[in-house]
Every structure is written in structure tokens, then in C-alpha cells.
Amino acid sequence: MDLTNAYANLPADLLASAPMVLLAILGLVAVVIDSFSNDTPWVPRLAGIGLGLAFVWELTRIADPAGTAFYGMIRTGGYASFVNMIILLGAGLSVELCGPYLSRIKHNYGEVYAIVLFATVGMMLLGTANNLVAVFVGLETMSISLYILTGLVRDDEGAIESALKYFLLGAFATGFFLYGIALIYGATGSFDLMEIGAAVAANGTSVLFWAGVGLLLVGFFFKVSAVPFHMWTPDVYQGAPTTITGFMSTASKTAGFASLILVLYTAVPAAGVTQVLAIVALITMVLGNILAIAQTNVKRMLAYSSVAHAGYVLVGLAAGTPEGYSGALYYMLIYTLMNIGAFGVIALLEWDEKGGREQTLDSLAGIGHRKPLLGWTMVVFMFSLSGFPPFGGFMGKVAVFGPAIDSGLIWLAICGVLASAISAYYYLRVLVVFFMKTEDEVRVPVATGAFPVPMTSAAVLVVCAAALVVLGVYPQLLELTESYFSAASVAALP
Amino acid sequence: MSNITSIVIFLPLAGAILTMLSRGNAIKWTALVVTCVTFLASLLILNGFDPAVSTATSPQMADLIDGWFGDRLDIKYFVGIDGLNILLILLTTLLGPIVVLSSWTYIGKNHRAYYTLLLILQTGVTGVFASYDIFLFYIFFELTLIPMYFIIGIWGGEDRVYAAVKFVLYTLVGSLLMLVALLALGYMAGDAVNGGVFTTDWYKLVSFNMPLEQQSWLFLLFALAFAIKVPLFPLHTWLPDAHVQAPTGGSVILAGVLLKMGTYGLVKFCLPFFPDAAREYAMMFAVLAVIGIVYGALVSRAQTDAKKLVAYSSVSHLGFVVLGIFAFTTEALQGAVIQMINHGISTGALFLIVGMLYERRHTREMSDYGGLAKSVPVLTFFMIFTVLASAGLPGLNGFVGEFMILMGSFKSTVIGSPLLIAFATSGVILAAVYLLWMVHRMFWGQLESDENRFMPDLNARELALLAPLVILMVWMGFGPKPFLDLSEPATTHLLQIIEDKQAYDPAEVPRLVYDGTHFVPAAAEEPIALR
């Protein structure tokens, strides 16, 4: 790496990664403010504004040509901006939901927002990294922040247990990941994804390379909670504060998948991993959905559901075509909206004062009639999650299953739709309880709280629901996501 | 009027927004006005439709929005009217106000949600019938599930949750498998007839001829989804639950038009897309249809619950429709089309009357009634009329469809088994048995309880909603010609497509074009016309 022009290139590189820089600085500022004026409402406001600005910045750049910054360490341009946009959307909506929720459970610390900002920076770095070292740095920045956020309710044993479990298993997965990077470096002599791809194209693959790819995949599968590396998911999702769970389940998965797509697209010959991805996708979809049926706790059910959704995205990756990758990207946008919405509704309906850990679904009988806004937005989220048109979830599924069918993975698509028919059972059960059960039909005490809905939270839910309808009936964004994988955008890279 | 098809489809959806914003009694009235206006608008369709004009290259009154998904996927908003769907669309818009009126006092809670969902449902159903793009069809097809799920689940009887979930899951399994087949078909046809661009345009898919092995699995996945919807024996078990638990309005829509989405799908998609496979499996479907006819009738006879009896009678009646579809003769196919309408009218009316009795007595058990002919003569008149129509008495509508189906399938060379048709014919007799037996138990005999003795007869609203159906029963029974004329050219054309496609070996001729009278092989260099 020739660093003679490092200082000359610095302004351009900083500008290309402006949102990341902005959020990192804001995170530091938030820490400083919080240390002088404890838990002031200005910290969440600052975080919200920063995330909003960064979101708009990225949104205006989603059609840019591809490029790199910092000597090929990160990608810039359309793909990177689109990924960052999803991550920032997830982070921004979650921060808006967090304020009222964390105040209600009396853990609205200022540092939460600083850590969310650091996590977001990590995710953005992970999602756009063009170099395995940058991938690793992003992954760790994100993961360590998330370990802390999971244990946010620090006076609660359950939350601490979740955080510790997440930390130990996560550290273990990181080890696999790092070892995988080392082996790939050994096989190809580079950390740069493009150079690895070029080396593989020139010299072919070796056992060492595939061993490295396998270990790398283990790390990725852990982060996106694909079966059989999903064991941590239900416990962590259940133990973390609900709005933080929404953030973790969407933004971190988006970052993980975005990075995995880049690795698969640029560095690994698709034919070599298709079968592995297809089989992991299959067991993830089937097991995630079947285990979700048995849950009585909503957060745990949504945790297994998010496992299953990772499986759907993997179907798109298994297709190994530009259409498949673009479908997976589109799916992550939709998944972010519907999952944040679902966790947002559940957060507002939480009454057990234990972060919803002991709250059964049945205790919410008839809530849809008492809280129509929460009820009917939940209708959109549940039908979207189960993949009904005209909501986004349906278009997302078409966008990942279609390319898989086109690549001849019809068996996988058939298993996938059958798994999603299973999922309809538990998603609909939420609506059954919300709208069709009366209080005397369930055998548990029914929540009687007033459940105030703050304006900002209501706005977040309505925005998510409306966006899902729009993306469901007007899926032209798919054309844009596909353009990221056209030959021109690859050729444009230095 | 331009865009009339789209107006008829989306007027109820616009009305749904209005009902959502209304309060109190205004909700019902808004729903009633919107459905009435939609019905009047649909008469413009009837007025503008000319059965003689060929729909071989474009439906009439077509609306088309291209590039909905961008250039890479040839999926479009494409709706139009032809001889197959015009009657079904008119039936849907006619049942709209009737269903609203039937719910006037029946629905006790959450009026706003109920009428909003009802209107969304109507948009979904009309869209299903009008779609000329199979992806669009799929979206409308699934869109009908959501409102129906809530209508059964919130306003239904004691086991409403079980019935609603069963209804959705059954249909969903079928339709999701159809989605896989649809996507696969779109990619295959795209490669063969659309220059490599994924397509779901009905006309392009029809012009695509594929080998039997491919046709077979696609056909079976499509047919499974439709067979569940119809429902064809042995996939019918969701139907009695859904019907019995649904509120009257829901039952009427379900029997009247939702079930027709299955039979319509078989006619519109399965036959012309996969003619070889459809012939290959025709016997299987015919046998299942006949089993459904006889089994449905026998199970109806065994019911003690009036609504369940009517529900099982649907299984039996729709067996006739499926039999007619797989006979591959003009008479039978026309009979099937007309029988769809007949069943919608007469079974719809039966559910309305059973619902009126339920509203008065809060029981569906036939043994709780008896001797009603003395206390409610007007209601009895309508009941007997409807029962006779449903049982296929000559001179009323039911006879026309069943007769044409039986005659057509008797001649059918594809089925080629007079014995099977003889069994099917027994269904007509059995229908008279179980329906008249129901009338006997509920309307003849002695009045035993005061509730039955002082039961109020039909009021003006109930008369108003039954009258148009009864008029149609007589009209279609005595003068079916105008109705048959509407669908005659379309059914002939459909069978012609099947014949043409079978004349060529798909391996050599994957792509056909319409030359004005027949489908002929497309010249290799002929450019692919993008719509």
C-alpha cells in the first residue's frame, strides 16, 4: 500500500464517509455531554438529529457510481449508501422508539444513545468494508456495543445473563471469523476483497482457501443468526430492552448480510458455496418457523421469526446471481421496517416491568380493539412478516425466491414457501389474540394498563406501516438494487 | 367510459377509505351507497361489452400500466373484460349491496372495521376476475384472504378463531405453492417468448407451449391452489367450518364469489397454459369432482345444522363446475361458467335466508324450527323458491347449468365414461332430497314454540335484498340465452386455444402467435412484440 498521498487524499476520503465520521464524532460528543449533564434529553435528540442527517445524506447518494475510499478499505457509492441507509433507518427509528420506552422502564441513560451511535458506525463500516481487516474492525465495533446494550437493564439478572451469553458466544464466533481471515490471507496473500477475487480467478482455489471461507461463513452465520448458529438469538432478544432488540435484529443483520454479499460477490466463486448456503437457508427457515410456533412469549417468538427471516435472505444469496443479491438487499430494507414496527408495538404494550420477558401473548387479549392504532399497524407488520400482498414482505419474498427459482433451486423455493405457510400460523395468532379473543377466553390475567402511545412512537409505527404498503405495491427500488451488481459497477472500482 | 374496469375494481377501495372516516350510522350508509354506485358502474361494463368482438389479442375495456416493476420484469397492471369474467364481475358487484344490507342489523360491533373490510374484499374479488396479468391476479387473490380472515375471526360464531385460521392456512399453502409455479412459469416463458425477460402477461403465457413434463408439475401446483379454493374433495374440510362460523355477509361472499375464484382460475389459467397436462389429469379431476358431488350431497343429508347443510351443498354444486371444466367440450364449459353464477345466486340466497332465521332465533339447528310456513309465509315462499332453484328444477336457473354440464361431459371424449356421469347425475336427485328434507323439517309440521309462532316475517330491507336474486333465478331459468351468449364466444375461443396448442410439438414449437383465427407457430425471426 502506497501511502505517499495519504494526506492529500484525506479530505476526499473523509467526505466519502461523512456520515460515519459525523456519527462517530456525535457519539463522542454525547459521551462528553452526558458526563457533565447526566441523562439530559439533549443526548437522544442529538442522536436522532445526527442519524436523520446521515440518513438523508445517504439517501441522496443511493444512485452514485461505485468507488472506494481509504485505499480500498471501504466501498462508496450506490451499494454502500443503500446499505448505510437501511442501517441508519433502523437506528433512527429505534432511537425514536427508545426514548419513551426506556423512560418508562426507568433506564433512559444518556450513554445508551452514545453506544447506539458507536454500534451504528460499526455496522456501517461492516456493511461497506471492502477489506477483510475493515470487515473485522466493523464487526467488533458493532458487536461490543451490542453486548453492552443487551445488558442495559443492569439491575436485572435476566438481562445480565443475556448479555454475558451473547458476549461469550459472540467472542467465540469472532475467533472463527478471525481464523478464517487468516487462512484466506494465507491462501491468496491479500485482505482486499477485489484482490482476493482476482487471485482466485488467476490461481484457482485451494483447500486452505475453502477452509478460510468456511470459517468466515461460520462467523457470518452467527451474526445473522442462521441455524445452527442461532442458539443465542432467543435468549438475547428476550433479555434485551425491547426497542434495542428491534435495533439489533434489523440493523446488525443488515450489516452482516451486506458484508456477506460483498464477500460472496467479489471474493468467492459462487458455485462453491451455493449448496452450503442453500442447505443452511433450508434448515434456518424450517427450524426457525417451527420453533417460533411453540413460543408463548412474543419477544421470543419474534426472535425465532427473525431467525427464519435470515433463512429467506439466504435463499437469495444461494441463488448466487445479481438478482438474488439485489433481492436480498431489498428484503433487508423491508425486514427492517416490519421488524422495528413489530418490536415497537410490543414495546408499547409491555406491562410486566421485566422487559417483557415474562409477558405471554395471551395477556394482550382484545388489545387491538382498545388500542386501534397499535392493533392495525400490527396487522400490517404481521401480514407483511408472513408475506401477504400487498405488503412489502410479499415483494421481499418474491425478490429472493424468484432468483432462486431462476437458478434452478426450485426445491428450496418450495420448502421456503411451505415454511412461510407455517409462519403464517404464529403471526396470525398474534392477530387472533389482538382482535379475536376476549378477556374471558384466555387463561391468564389480561393486561389492564393504559398503554399511552407517545406521538413520536405513533409516528414511527405509521411510517413503517405506510412504507411497507408503498414498497409492497411499488417495488421499483428493485431495479436500483440490481444495478449495484451490474458489470459496470464492478468495472468502475479501481 | 374509459377506465371503467379499473373504476369498478377500485371504487370499493375508495369507499373503504370513506367508511374508515365515517361515524355512527353514516358507516353503513356509505358502504351501501358505494356498493350501489359500483353496481351501476358495472352495468356500464355490461353495456359496453360486445361478445362478438374477439378477445384473442386483448380483452375489452382493457386498462394497462406497463413497467410497474421496471424494465427487467414484465409484470404489469393489466385488467379487462371478456366473456368468461363479465358475469362473475357483475355477480360480485350485485352481491355487494346485498351483503351490506344483510349485515345491516346482524353486525353488532365494530361497524367501521366490518364495512371497511367488506369493501376491501370486494376490490380483491373483482380484481381477481378482471386480471390479465397472473402476478396481479395473485396479489388480488391473496388480498381477499386478509379481510375474510377478520370477517370470520371477529364477527363469527363460537369457533370463529379456529375456522378463520384454518381457512387462511389451507388457502395459503395452496397459493404459496402456486406462487413458486407462477415464478417458474414466468422465467421459463420469459426465456421462450419474451426475449429473456420474466413475464406474467396472460397473452404471452398462452402463446408459450412447453413439454408435458414441465406442464405437469406447474399444472399440479396451480390446480392444487385452485382446488383448495373451490374446494374440491378431499380438500374441502375448511369450507364447512368457515361457512358455519362466518357471519351471514361473510358466508354470502364466500359462497357467492370467493369459491368461484378457484373454478375461474382453473378455466382461465390451468386450461390454456397447460393444455396437455390438463387433459392428462382430466380424469383424475373428474373423478374427484364426482366424488365431491355425491359425497357433498350425502353429508348434507346427514346435517342437523341448516347452515352446515348449505355449506356442504356447495361442495356438491361446485363439483359440477369442476366436472364441466375438465370435460373439454363447449357445452360443458359454458355450463360450468353459467353454473358458477347460478351457485352464487342460489346458495347466496340460501345463506341469506338461513342468516335471517338465525337473527330471529339465534340457532341454526333445524330441530329448533318447524312449522314456519304458518308464521312466516313470505320467508317460506322465498326459501322454497331458492331451494327449488338450487336443486335444479327446470325453469329455474340451477337446471340450465347442471344440464349443460352433464350433457357436455356425457359427450366428452376426454372423460369418456358415461358411468361416471351417471353417478354425477345422481347428485341432482340427492340435492332435491337434502334440500327438500331441510324445508320439510324447518317449514312444515307443527309450530311448537312461541318463538317460532310469533316470529316476524320479512321486513322491507330483507325483501329488497332477496327480490333481485329471485328475479334472476327465474330470468336465468326461463331465458338463459342472453347469459349464455355473453360467454359463448369466449368459451369456444378457449377450447380453440387448447386445440391449437396441442397440435404442435412444444419441443419444436415453443412459441405460437395468433393469426386471426388460430394459433400458429411463430416464425423464428419474427420480433417479439412487447406490449
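Each remark here, short or long, concerns the structure printed above.
Rules used in this analysis
- Residues take numbers from 1 onward in each chain, read along the sequence in its written order.
- Chain letters start at A and ligand numbers start at 1, both assigned in the order the entries are written.
- It should be noted that, the model being predicted, local features are given only for residues of pLDDT at least 70 and side-chain atom pairs only at 80 or more, the latter also being counted only at that level, while totals for whole chains, interfaces and linings use all residues.
- Calculation of side-chain values draws on the structure's entire complement of heavy atoms; hydrogens and water are dropped beforehand.
- Elements are defined by DSSP. Helices are runs of H or I of four residues or more, strands are runs of E of two residues or more, and each kind is numbered from the N terminus.
- Our radius of gyration is a C-alpha quantity, and the globule rule it is checked against amounts to 2.2 Å times the number of residues to the power 0.38.
- When checking whether two residues touch, look at their non-hydrogen atoms; a contact exists if any pair is within 4.5 Å.
- Accessible surface area values rest on a Shrake-Rupley calculation with a 1.4 Å probe, where residue burial reflects the displayed protein chains alone.
- His is not counted, nor are the chain ends, whereas Lys and Arg count as positive and Asp and Glu as negative.
- Charge positions are represented by NZ for Lys, CZ for Arg, CG for Asp and CD for Glu.
- Here a helix's expected span is defined as the number of its residues, less one, multiplied by 1.5 Å.
- Exposure categories follow from relative accessible area, calculated using a 1.4 Å probe and restricted to protein chains: below 20% of the type maximum is buried, above 50% is exposed, and the middle band is partly exposed.
- Method remark: on a 1 Å grid restricted to protein atoms, a set of points is classed as a cavity if a 1.4 Å probe fits but cannot get out and as a pocket if it is open with protein on both sides within 12 Å along at least five of seven lines; lining residues have an atom within 4 Å of a point.
- Grid points are joined across faces, edges and corners, and a volume is the space filled by probe spheres set on the points.
- Charged residues are taken to be Asp, Glu, Lys and Arg, nonpolar residues to be Ala, Val, Leu, Ile, Met, Phe, Trp, Tyr, Cys and Pro, and polar residues to be all remaining types, Gly included.

1. What about the overall build of chain B?
- Within chain B, the secondary structure is distributed over 23 helices and 6 strands.
- The globule rule puts the C-alpha radius of gyration for 531 residues at 24 Å, and the 23 Å found for chain B is close to it.
- A fraction of 79% describes how many contacts in chain B between residues 6 or more apart in sequence connect residues 24 or more apart.
- For chain B, the exposed surface amounts to about 16700 Å²; the carbon and sulfur share of it is 66%.
- Each charge class in chain B was averaged separately, 28 positive and 36 negative side chains, and the resulting centres sit 11 Å apart.

2. Focus: helix H14 (residues 282-301) of chain B
- The terminal C-alpha atoms of H14(B) lie 29 Å apart, and with 20 residues this matches the ideal 28 Å at 1.5 Å per residue to within 8%.
- Listing the buried residues of H14(B) in full gives B:Ala282, B:Phe285, B:Ala286, B:Ala289, B:Val290, B:Gly292, B:Ile293, B:Val294, B:Gly296, B:Ala297, B:Val299 and B:Ser300.

3. Structural notes on empty space enclosed by the protein
- Counting across every chain of the model gives 13 cavities of 30 Å³ or more.
- There is about 130 Å³ of room inside the largest cavity.
- Along the wall of the largest cavity there are 18 residues; nearest its centre are A:Val398, A:Ala399, B:Arg72, B:Leu73 and B:Tyr187.
- Counting only elements with at least two residues in the lining of the largest cavity, the list comes to helix H14 (322-348), helix H17 (392-406) and helix H20 (477-483) of chain A together with helix H7 (160-193) of chain B.
- Per element, the largest residue contribution to the lining of the largest cavity is 5 residues, and it comes from H17(A).
- Residues belonging to the lining of the largest cavity are distributed by class as follows: 12 nonpolar, 3 polar and 3 charged.
- Its boundaries defined by the atoms lining it, the second largest cavity holds a volume of some 80 Å³.
- What lines the second largest cavity is simply B:Thr55, B:Asp82, B:Leu84, B:Tyr132, B:Trp202, B:Tyr203, B:Lys268, B:Ala490, B:His493 and B:Leu494.
- Listing elements by their share of the lining of the second largest cavity, those giving two or more residues are helix H8 (202-206) and helix H23 (481-502) of chain B.

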